[in-house]
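Chains, contacts and geometry: an overview
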Amino acid sequence: MRNSLIILACLLSMLLSTAHASSDKSTQALLIELTTVKLNKAIPVLKALEENDGDKMLPLFNTLLKGQLYYVKSNKDLLSIEKVDGKKEYTDVFSGEALEPLATKLTKKIRVNNKLRRFLRDSIARIQLSSSEPESREKALISLLSQLDESTINTIRSLKVNESNTSVIELMDVAIAMYALSNSAEATERLQAVRTLDGRLENEVRNLLVSTVKNEADIKVKAAAEKSLASLEDRIENYQFVNKLFFGLSLGSVLLLAAVGLAITFGVMGVINMAHGEMIMLGAYTTYVVQMMMPNAIDYSLWVAIPLAFLVSGSVGVLIERGVIRHLHGRPLETLLATFGISLILQQLVRTIFSPLNRQVESPTWMSGSLDINPVLSLTLNRLYILAFALLVFGLLLLILNRTSLGLNVRAVAQNRNMAKAMGIRTDRVDAMTFGLGSGIAGMAGVALSQLTNVGPNLGQAYIIDSFMVVVFGGVGNLWGTLVAAFTLGIANKFIEPITGAVLASIIVLVFIILFIQKRPKGLFPQKGRAAE
Amino acid sequence: MSFLNSVFSTKWLDRGDQAGSRTMPFVLLLLVVTFLASFCNLALPADSVFYVSTYTITLLGKYLCYAMLALAVDIIWGYCGILSLGHGAFFALGGYAMGMYLMRQIGDRGVYGNPELPDFMVFLNWTELPWFWQGMDQFWVAMVMVALVPGLLAYVFGWLAFRSRVTGVYLSIITQALTYALLLSFFRNEMGFGGNNGLTDFKDILGFSLQEDSTRIGLFITTALMLSLVLIASHAILKSRFGKVIVAIRDGEDRARFIGYRTERYKVWLFVYSAVIAGVAGALYVPQVGIINPGEFSPVNSIEIVIWVAVGGRGTLIGAVIGAILVNYAKTRFTAIMPDGWLFALGALFVLVTLYLPKGIMGLFDQFNERRNKNKAVDVQETAS
Amino acid sequence: MSIIDSALDNTRETFRRDQVWSFLKEKEVSVDVSHQIILYIEGLSVSFDGFKALNDMNLYINDGELRCLIGANGAGKTTLMDVITGKTQCDEGSVYFGQTHNLLEKDEAEISQLGIGRKFQKPTVFEAHTVLDNLELSLKTNKGVIPTLLARLSSTEILKIDEVLETIGLKDHRMMLAGSLSHGQKQWLEIGMLLVSEPRLLLVDEPVAGMTAQETEHTAELLKSLAGDHTVVVVEHDMEFVRSIAKTVTVLHQGSVLAEGTMDEVQNNAAVREVYLGDES
C-alpha cells in the first residue's frame, strides 16, 4: 500500500512539474473521479486523462480494457487484480510492482462496457501513435488496421503530416488506402488504393483484398485487386516456406545437438549409449539448478550453465565408462543393456531428487522475443540462438577431432583400435575421454533444450530414439553425415507435419528410416574399405 | 566397423547340448504346479492354508505370459544373436487382436449399448465398423489374426532387414524404432483401436464370464499348456539341423553363408516364429489382465523383456522362463513395498547381470553342477585307489 | 482295390516331393568345363577408397589342376578369393565358373552351392558346435530352410563324415566342442568341412599356418590327392610347401598377375626376381 502511495505521489509531482494546462483538472483528481463516475459518464474522464498525460495512462487503460482495474474502497487507490492459476495477483497499475493481497471486500472493480472498450482501444492507439518510438507507432498502426473508422483515419491523417519515419508513413498510407478501398465511392480512388496496397503482407490487407474481389462492382478495381491478391498469396506462400524451413532447421539443430555426442561414442567405441538421453536430461537440470542459485542474474545464468552442464554430464559419462562400459568391451549388445540400466537409475534418481514434475527454466531476456522480418515471417530468437549454438558446437567438435592430439588419437582408435594400441596410444584413456566428450556435448544439448521445453525426468527419452535415427541415417563414424542427417530429418519432419499432423509425421519419418537402413545399412555416408568390414 | 563383427564374436562356449535337455522335466514341473495351484483354488475352502487365491492365479497366469514372451526373445537373441528391442510390439499386436475379439463380445452391454460398435467408436461418432474390425467377433478369425499379424509384420520387417544384412546394434535400434512408430500410431484415435485408452471393459470370452474364477483358472491352464507346447516345439526346432544352422549363424554368419546356407531366410523364419509366440503370449495376456493399451508398445517394455532373458540365462529355453517369472515376481513384491525403489533395482539388475552374470542363473546352475561333478569324479577316483 | 491303389499311386505321384515342392528338390548343378577351364577371371578390378586391391587381373584355372597363388602382402590374394566367393563386390571385370555361371551375379550361399568351397586364413569353425555338428552342417545337401528343419543324417552321410573324420584325424574328438580344439585341430576341422561339402573348386587360404612340419606334409599329401577330381587353388606364403605341391604357380603383384609357370620358371623370372629379390638385396 505504501508503495503505491509513494508512486502516486511521485506521479503527482511529475505531473505538476510538466504542468500540462490542457485540462482544468489535475490527473490525480481525474483518477479519483474515475472510481466514482458512472459508466455512461466515464468517457469524458478518460478523454481528459488521455489529453492530460497520455503516455503515462497506457497501463491504466490496458488494465481497464482487460477488466482487471480495481480500487481500494477506503482511499480510492487504483490497483490491478489478475487471476493466475486460480490465485489472485495484486499489482500496482502504473509500476507493475506486486502488492500485498487485500481482502476481497476492501476492493471494488471498475466496470467497463463495450462503448468504453471501443473508446479505450482508440485511445490506446492514439496514445501509441504519438509515441516517441517509431516501433511502437508501427505496432499501434498494425493493431488499428482491423478497426479503421473515420475518426482514426482523421487522427492518422493529421499525425502523418508530422511523421518522419518512412515505414510508419507507409503503414499510415496503407491504413488510409484500406479505408478508401472499403469506403470510397469513387472507383478511381479505390483503384488507387489497391495500387497502394499492392505488395503489402499484412493479414488485414489480405482480408480486405479477398472481400474486394468478392464484392467489388467495378471491373478494373476488381482485376487489380485480383492481381494484387494473387501476388500477395504467392509471396505469403514463399514466406511460409521459409518459415517451415526455419522450424525444420531449428528441429534439426536440436537433433544435431542431441545426436552428435552419440555419433562420437558410437563411431569411436562402437558403443550404443542408451543413457545418452539422460546425459541431456542432466544438462537441462544443471541449467535449472544454476538458475535457482542465481535468480537475480537469469540473463547470465546460461553462460554458467553451459560449461557446468558439460562438466556434469561429461564427468558422469567418464564415470559410466570407467565403471561399466570398460568391462563390456567388444560386447556392444551387453553394453546397450547395461547403459539402459544406467538410464533407468539416473531417471529415477532425478525423480527422487527433483520430483517427477516438470520444471520450468526461464529464458534470459536476450533470448526471448523474435526477429520480425515482415508480418508473415518472424523468427523466434531462442530458436535462432540454438541453431547458431548447435553449429558452433559442431564446429568446435570438428576442430577438436581434426586439430588436437586428442582428436588424432580418437580418430586412430576409431579406425583401428588394435593398431592404435600397438602404436602406444592409451586406448582406455581415449575411450574415457571420448565418452566424456560425447556425454558433455549431450549436457550442452540439455542446456539448449531447456530453453525450448520443460525440464523433466523423461526429457532424454523423448529425444533418444530420434538421435539414434540421426546417427544411423547419417552413417556411423561420420560427423558430417550426422549434420546432414539431423537437418534432413528436421526439415522433412516440419514439411510433412502440416499435411499429416505431428504424430503421423514422426511415424512417416521413422518408417522411412527403417526402410532406408535396409536399403543402405551403413547410412548416408558409409565408411569404406577393408577396415570397415 | 570392427565392432559389428565383434557383436557375434562373443564366445559362447556353453554346453554342447544347445537346447538343453532340461526342457522336458521342466515342462512336467510346470504342468504339475499349474494343476496343483488350480486344484488348490477350486477344491479347497478359502480359509485353508493351502488355498490359492484367484488373484494369485491371475498373477501366475500373467507371469506365464511374460515367460512365453521371454522365450520368444530368447529364441532369437540367445540362439541367433538377434537382439530385438521391439518384441513388445508383437506381444501387443497379438494382444490387440484378442482385445478386438473381446471387445466385440461385449455387444450391447457397453455404456452406449450399441450392439455393433464398441463404446469408443460411438464416442468418436463413428457410424460403422472399420474393415479391419469385421469378422473379429469370430473367435477363430481373431485367433488367426493373433498369429498372422505379428507373423506378417515380422516377415516383412525381417525380410527387409536381414536381406540387406542389417545386424547387431543397428538391428536393435531399428526394432526399437519399429515399436516406437507403432506406439505413436496406436495412440491416435483415427487408428481405430481406442487410442490412448486402448481396449478394456471386457465381459466374456467364448461365452464364459471373465469375472468367474473358473474362467480365470481356464485361462491360467491354457497359458501353461501353450507355454509347454511352445517349449517343446522350440526344443525340437532348436535340436534339429535347422537349430544348428541358427546357432552357426549366431557364431559366424559369414561362415554359414560360405558353406551354402541362405542365412537371411533362416533368420526371417526364426524371427517370424518368435513373433508368433510373442503374439500368442499377448493374446493370452489380455483376457487375464483385462486391458490392452498402446503403453505395451513402449520401447522400455521391450527392453525389459531382454533383461528377463538375461537374468535367466539366454540360450537356454528354461532360463528365459525362469528369468521372466523371477523378475516379475520381484517387481510385484518390490512395487508393493517401495514403489520408487523398483526402477533403481531394475536398473541395477541390468548393469549387474551384464557385468557379472553374462550367462544368467542357468549359467550359475551349470557352474555349480560342473563343480559338483568334478568333486564326484575326484571322490570316485579316491575310493577306487 | 486296384482302383484305390492306382488312385494312391496317382496321389503319390502328384505329391512327389521333388515335383511339387521345388524347394525340396535338390538342384543338380552342372559346370560346363568343355574348354578344360573351370574358372575364368577377366579384367577384374577392385578398389577400396582409391587403393586398387585388384587391378585388371586375368587368371584362368584349369579343371582338376592344383594351382598355387603367391605374392607379397597386399598383392590381392585374399581380395581375389573374396570376389570369387561373393564376399566382395568388384568394380569391373568378369568371373565365370565354367562356361555358364556368372559368379558376380550370385551371393555367397549360391556360389557355395555351385560347388565352390573356401577355407579361411583364420580358422573359422562354429565353436559352440561339436566337431560332428560342424561337419554335418557342411554336408553337401539341400540347404533350404524346410529340408534342413526336417533333415536327419542318412547312413551314407554318416559314412562320409566318418571317412572325413579319419582323414583329418579327429575321429576321437567327434563329440568335442569345436571351440575347445587346438589351433591346428581347428585348421583340420575346417579342411574337413571343406571335404564333406564335396566342392568342385577348393579355395584354400594359407592352410599350413600354425601347423607342425608333420602336419604340413600331411596337408600337402591331402591337397595333392584332391587335385584331379577337384580343382584346388592354394594361397600360401610358405615357399617350401608351395614347391612340394605345385605344378603351376601364379605370382600376384599389386593386384595383377606378374608371372605364371612352374616353380622353377617363376623363380627364374626376371620380373619376379626384381620385385622379390630386388627388395631383399
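Refer to the preceding data block for the structure.
Small disclaimer: the values here were computed from a predicted structure and weren't measured. (Residues numbered from 1 in each chain as written. Chains lettered and ligands numbered in written order. Predicted model: local features only at pLDDT ≥ 70, side-chain atom pairs only at ≥ 80, totals over all residues. Heavy atoms only, no water.)

Moving on to the packing of aromatic side chains. Counted by the stated rule, this structure contains 36 aromatic pairs over all chains. For the pair Tyr66 of chain B and Tyr285 of chain B, a centre-to-centre distance of 5.4 Å together with 40° between the ring planes defines the contact as tilted. Residue Tyr66 of chain B is found in helix H3 (residues 54–80), and its partner Tyr285 of chain B is found in helix H10 (residues 263–289); the two are separated by 219 residues along the sequence. Like Tyr66 of chain B, the residue Tyr285 of chain B is buried in the burial classification. For the pair Tyr155 of chain B and Trp269 of chain B, a centre-to-centre distance of 5.4 Å together with 45° between the ring planes defines the contact as tilted. Here Trp269 of chain B lies in helix H10 and Tyr155 of chain B lies in helix H6 (residues 139–163), a separation of 114 residues in the sequence. Connected via pairs of aromatic rings, a cluster forms that spans Tyr96, Phe120, Trp131, Phe132, Trp133, Phe186, Phe193 and Phe297 of chain B. Positioned above the aromatic ring of Phe258 of chain B is the side chain of Arg118 of chain C, whose terminal nitrogen or guanidinium carbon lies 5.6 Å from the ring centre. The ring of Tyr261 of chain B is capped by Lys143 of chain C, whose NZ or CZ atom sits 5.2 Å from the centre of that ring. (Phe/Tyr/Trp six-rings, centres within 6.5 Å; stacked < 30°, edge-to-face > 60°. Helix = DSSP H or I, 4+ residues; strand = E, 2+ residues; numbered from the N terminus. Buried < 20%, exposed > 50% of the residue type's maximum accessible area, 1.4 Å probe, protein only. Lys NZ or Arg CZ within 6 Å of the ring centre and 35° of its normal.)

Below, the discussion takes up the interface of chain B and chain A. Between chain B and chain A, the contact holds 47 residues from the first and 47 residues from the second. Here chain B packs against chain A, burying approximately 4200 Å² in sum over the two surfaces, 77% of which is carbon and sulfur. Run the count over chain B and chain A and you get one salt bridge. Across the salt bridge formed by Glu334 of chain A and Arg314 of chain B, the nearest N and O atoms sit 2.6 Å from each other. Our count for the chain B to chain A interface comes out at two residue pairs in polar contact (both at pLDDT 80 or more). With 13 residues, the single largest contributor to the side of chain B that touches chain A is helix H7 (residues 168–187) of chain B. Across the side of chain B that touches chain A, the residue classes break down as 32 nonpolar, 12 polar and three charged. (Contact = heavy atoms within 4.5 Å. Buried area = accessible area lost by both parts, 1.4 Å probe. Salt bridge = Lys/Arg side-chain N within 4 Å of Asp/Glu carboxyl O. Polar contact = N/O pair within 3.5 Å; in protein donor to acceptor, adjacent residues only side chain to side chain. Nonpolar A, V, L, I, M, F, W, Y, C, P; charged D, E, K, R; others polar.)

Residue and element names in this part refer to chain A. On the basis of which strands lie adjacent, the open sheet formed by four strands has the order E3-E2-E1-E4 and antiparallel pairing. Strands at the two margins of the open sheet, each flanked by one partner only, are strand E3 (87–92) and strand E4 (107–109). Strand-to-strand twist in this sheet, taken as the mean axis angle between neighbours without regard to direction, amounts to 40°. By the bridge criterion, three bridges tie strand E1 (residues 69–72) to E4 in an arrangement that is antiparallel. Directly across from Tyr70, in E4, lies its bridge partner Lys109. (Pairing = 2+ DSSP bridges. Axes fitted to C-alpha atoms, helices over the stretch in contact; angles between N-to-C directions.)

All names here are of chain A. Looking at the element boundaries, Ala284 is found in helix H11 (residues 276–293). Along the backbone, Ala284 and Ala442 are 158 residues apart, and their C-alpha atoms lie at a distance of 9.6 Å. Non-local contacts of Ala284, meaning those with residues more than four positions away in its chain, are made with Gly446, Val447, Ser450, Val455 and Leu459.

Considering all chains together, one arrives at 34 salt bridges over all chains under this definition. Between Arg104 of chain B and Glu116 of chain B there is a salt bridge, with the nearest N and O atoms lying 3.9 Å from each other. Placement of Arg104 of chain B in helix H4 (residues 87–106) and of Glu116 of chain B in the loop between H4 and helix H5 (119–123) is noted, with a sequence separation of 12 residues between them. Overall, the relative accessible area of 13% leaves Arg104 of chain B in the buried class. Here Glu116 of chain B falls in the partly exposed class, since its relative accessible area comes to 42%. Sharing partners across several salt bridges, the network here consists of Arg165, Glu253, Asp254, Arg257 and Lys267 of chain B together with Glu108 of chain C.

Glancing now at the sheet that holds strand E8 (residues 231–235) of chain C. All names here are of chain C. The six strands lie next to each other as E6-E7-E8-E3-E9-E10, forming an open sheet whose pairing is mixed. A single partner strand is all that each edge strand has here, and the edge strands are strand E6 (116–119) and strand E10 (256–261). With direction set aside, neighbouring strand axes in the sheet form an average angle of 20°. Of the pairings in the sheet, the one linking E6 to strand E7 (residues 201–205) comprises four bridges and is parallel in character. In the sheet register, Lys119 faces E7, and the bridge partner there is Val204. Along the sheet face, helix H8 (residues 183–196) touches E6 and E7 and points at about 180° away from the line of E6.

With that settled, consider helix H6 (residues 150–162) of chain A. Residues and elements named next belong to chain A. Here H6 spans 19 Å end to end across 13 residues, near enough to the 18 Å set by a 1.5 Å rise per residue. Of the positions making up H6, those classed as buried are Thr152, Ile153, Thr155 and Ile156. Within H6, the buried residues cover an arc of 155° as seen down the axis, which keeps them to one side. Facing away from the buried surface of H6 by more than 90 degrees, the exposed residues are Glu150 and Val161. Buried residues along H6 sit against helix H4 (114–129), helix H5 (134–144) and helix H7 (166–183). (Expected span 1.5 Å × (residues − 1). Arc of directions from axis to C-beta.)

Residue and element names in this part refer to chain C. Of the strand pairs in this sheet, strand E9 (residues 248–253) and E10 are connected by five bridges, and their pairing is antiparallel. Each residue of the ladder has a partner; that of His253, found in E10, is Ser256. Connecting the antiparallel pair E9 and E10 is a turn made up of two residues, with Gln254 showing a positive phi of about 50°.

For any two helices packed against each other, one specifies the crossing angle of their axes together with the interaxial distance. Residue and element names in this part refer to chain A. Relative to each other, helix H8 (residues 187–197) and helix H10 (residues 219–269) sit at 10°, their axes nearing to 9 Å. In terms of axis orientation, H8 runs roughly parallel to H10. When H8 is examined against H10, the residues Ala187, Arg190, Leu191 and Val194 are found in contact with a partner set consisting of Lys220, Val221, Ala224, Ala225 and Ser228. (Parallel < 35°, antiparallel > 145°, perpendicular 65-115°, else oblique.)

A word on unusual backbone geometry. Residue and element names in this part refer to chain C. In this structure, Asp56 takes a positive phi of about 50° despite not being glycine. With respect to the helices and strands, the residue Asp56 is situated in strand E2 (residues 51–62). With phi around 45°, Glu198 is a residue other than glycine that occupies positive phi space. Tracing the sequence through the fold places Glu198 in the loop between H8 and E7.

What follows concerns the packing of helix H12 (residues 298–323) of chain A against helix H17 (residues 427–450) of chain A. Residue and element names in this part refer to chain A. Closest axis-to-axis distance for the H12/H17 pair is 6 Å, and the angle between their directions is 140°. Here H12 is positioned oblique relative to H17, judged by the angle of their axes. Both H12 and H17 take part in a crossing whose hand is right-handed. Packed against H12, whose contacting residues are Leu302, Ala305, Ile306, Ala309, Phe310, Ser313, Gly314, Gly317, Val318, Ile320, Glu321 and Arg322, the element H17 presents Asp428, Asp431, Ala432, Phe435, Gly436, Leu437, Ser439, Gly440, Ile441, Gly443, Met444 and Val447 at the interface. Tallied by class, residues from the contact of H12 with H17 come to 13 nonpolar, seven polar and four charged. (Left-handed = near helix turned anticlockwise from the far one by under 90°.)

By themselves, these observations are geometric and do not establish any function.
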